[in-house]
Amino acid sequence: MTVNLEVSEGVGTIRLNRPPMNALDVATQDRLRELAEEATRREDVRAVVLYGGEKLFAAGADIKEMQAMDHAAMVVRGRALQESFTAVARIPKPVVAAVTGYALGGGCELALCADFRIAGDNAKLGQPEILLGLIPGAGGTQRLARLVGPSKAKDLIFTGRQVEADEALAIGLVDQVVPAAEVYERAHAWAARLAQGPAIALRAAKESIDTGLETDIDTGLAVERNWFAGLFATEDRERGMRSFVEEGPGKAKFL
């Protein structure tokens, strides 16, 4: 398989496995969607790591495969491409991208689908589609602008240039930079910590933030309000408040 799902300590690692560059061909895109939906369903997966391996994350789409497609083919395929990445973005659990080496084009867009990005000091990220006479087609024009702001997104997309880890951190494209050899370990630790948390509340927080970014503030506040009230019906809320009253803050166990 070009993408695998491995589960450990409540963390599901979705790992790209298409040597040598993890090019995101049609089969890989479809497999990503399948595994994102599986990670969403599985109760033993409470957080997710996106990982491309020790050397690189993903160097982009399979250009040879795309070159053979005409307009009619891409009208059909473009929707499926976006839906695959959206399935990852909508996993209702904490998702962290562990980025080593190249994360370009579709690889960068996949990292953008995560809630948090930990990059190795050897990472290079970018949206080089303009150099092919194209634009990003897997959500890059939308998710990148929401993450780093429109001006920085236009700089990266208009020029197609790559940014190294330090610049990616400075502009908010990644959230942490660590030695390349430690990327997966750090990402797994981040996910494992959240996997111990209250699953429904984490889902509520993620949906409230993401929905709010996609709509007006009144709608976002309504989503937040409904989730906030709804959480009062959960065992985790009862456990968390009881623990706070009896033991003090930060001691509740939710599993």
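Sequence order as written defines the numbering, with residues in each chain counted from 1. Two thresholds apply to this predicted model, a pLDDT of at least 70 for residue-level local features and 80 or more for giving and counting side-chain atom pairs, whereas whole-chain, interface and lining totals are computed over all residues. Computation of side-chain values covers all heavy atoms of the structure but excludes hydrogens and water.

1. Observations concerning a nonpolar patch on the surface
Here is the rule: Residues enter a patch when their relative accessible area is above 30% and they make no salt bridge; the linking distance is 9 Å between like charges and 5 Å between nonpolar side chains (Val, Leu, Ile, Met, Phe, Trp, Tyr). Note that accessible areas follow from Shrake-Rupley with a 1.4 Å probe, and for residues the cover is restricted to the protein chains shown. Salt bridges are counted wherever a side-chain nitrogen of Lys or Arg sits within 4 Å of a carboxyl oxygen of Asp or Glu. The helix and strand labels rest on DSSP assignments: H or I over at least four residues marks a helix, E over at least two residues marks a strand, and numbering proceeds from the N terminus.
A grouping of Ile 63, Leu 132 and Leu 134 is seen on the molecular surface, where their side chains present a nonpolar patch of about 260 Å² in accessible area. Turning to its location among the elements, Ile 63 is positioned in helix 2 (residues 63-67).

2. Focus: the side chain of Asn 22
The condition that has to hold: For the purposes of these results, a polar contact is taken to be a pair of N or O atoms within 3.5 Å, where, inside protein, one atom must be able to donate a hydrogen and its partner to accept one; residues adjacent in sequence count only when each atom of the pair is a side-chain atom. Contact definition: two residues touch when any of their heavy atoms are within 4.5 Å.
Topologically, Asn 22 is positioned in the loop between strand 2 (11-16) and helix 1 (26-41). Polar side-chain contacts of Asn 22 include one of 2.8 Å to the backbone oxygen of Gly 52. Here Asn 22 is in contact with Leu 16, Asn 17, Gly 52, Leu 56, Phe 57, Ala 58, Ala 59 and Gly 60, once residues within four sequence places are set aside.

3. Brief notes about the pattern of salt bridges
Basically, it comes down to this: Type-normalised accessible area, obtained with a 1.4 Å probe on protein chains alone, sets the label of each residue: buried when under 20%, exposed when over 50%, and partly exposed for intermediate values.
Enumeration according to the criterion identifies 14 salt bridges in this entry. Between Arg 18 and Asp 62 there is a salt bridge, with the nearest N and O atoms lying 3.2 Å from each other. Taken together, the positions of Arg 18 in the loop between strand 2 and helix 1 and Asp 62 in the loop between strand 3 (47-51) and helix 2 put the pair 44 residues apart, joining distant regions of the chain. Classification of Arg 18 by relative accessible area gives partly exposed; the value is 23%. As a salt-bridge pair, Asp 155 and Arg 161 come within 2.8 Å of each other at their nearest N and O atoms. Beyond isolated ion pairs, a larger network of salt bridges with shared partners links Arg 18, Asp 25 and Asp 62.

4. Quick word on the packing of helix 9 (residues 199-214) against helix 10 (residues 217-230)
Let me state the cut-off plainly: Fitting a line to C-alpha atoms yields each axis, with helices limited to the stretch in contact; the angle taken between N-to-C directions then spans 0 to 180 degrees. Roughly parallel covers angles under 35 degrees, roughly antiparallel covers those over 145, roughly perpendicular covers 65 to 115, and oblique covers all other angles. In this count, Pro and Cys sit with the nonpolar residues alongside Ala, Val, Leu, Ile, Met, Phe, Trp and Tyr, while Asp, Glu, Lys and Arg are called charged and the others, Gly among them, polar.
Look at helix 9 against helix 10: their axes get within 8 Å of each other, and the N-to-C directions meet at 170°. Here helix 9 lies roughly antiparallel to helix 10, going by the angle between them. Note on element contacts: helix 10 touches helix 9 through Gly 220, Val 223, Glu 224 and Trp 227, opposite Ile 200, Arg 203, Ala 204, Glu 207, Ser 208, Thr 211 and Gly 212. Partitioned by chemical class, the residues of the contact of helix 9 with helix 10 number four nonpolar, four polar and three charged.

5. Quick notes on the nonpolar core
Among soluble globular proteins, nonpolar side chains are generally buried collectively. The cut-off we apply is this: Here, the term nonpolar core denotes a set of buried Ala, Val, Leu, Ile, Met, Phe, Trp, Tyr and Cys residues that are joined through side-chain atoms within 4.5 Å.
Membership of the largest hydrophobic core comes to 45 residues, with the highest contact counts inside it found for Ile 14, Leu 50, Phe 57, Leu 125 and Leu 173. Formed by 16 residues, the second largest nonpolar core is a distinct cluster that contains Val 11, Phe 116, Val 183 and Ala 191.

6. Let's talk about the sheet that holds strand 7 (residues 124-126)
The line we're drawing: Note: two strands are recorded as paired if DSSP finds a minimum of 2 bridges between them.
Spatially, three strands are ordered 5-7-8 in an open sheet, and the strand pairing comes out mixed. Strands with a single pairing partner mark the edges of an open sheet, and in this sheet they are strand 5 (102-104) and strand 8 (162-164). Averaged over neighbouring strand pairs, the angle between their axes works out to 20° when direction is ignored.

7. Overview of the sheet that holds strand 3
Note on sheets: strands pair through backbone hydrogen bonds, and any given pair is parallel or antiparallel. Reading across from one edge, 1-2-3-4-6-9 is the order of the six strands in this open sheet, with mixed pairing throughout. The open sheet terminates on both sides in strands that have one partner only, identified here as strand 1 (3-8) and strand 9 (176-178). Sheet twist, expressed as the mean angle between neighbouring strand axes with direction ignored, is 20°. Pairing analysis gives four bridges linking strand 4 (residues 95-99) to strand 6 (residues 116-120), with the strands arranged parallel.

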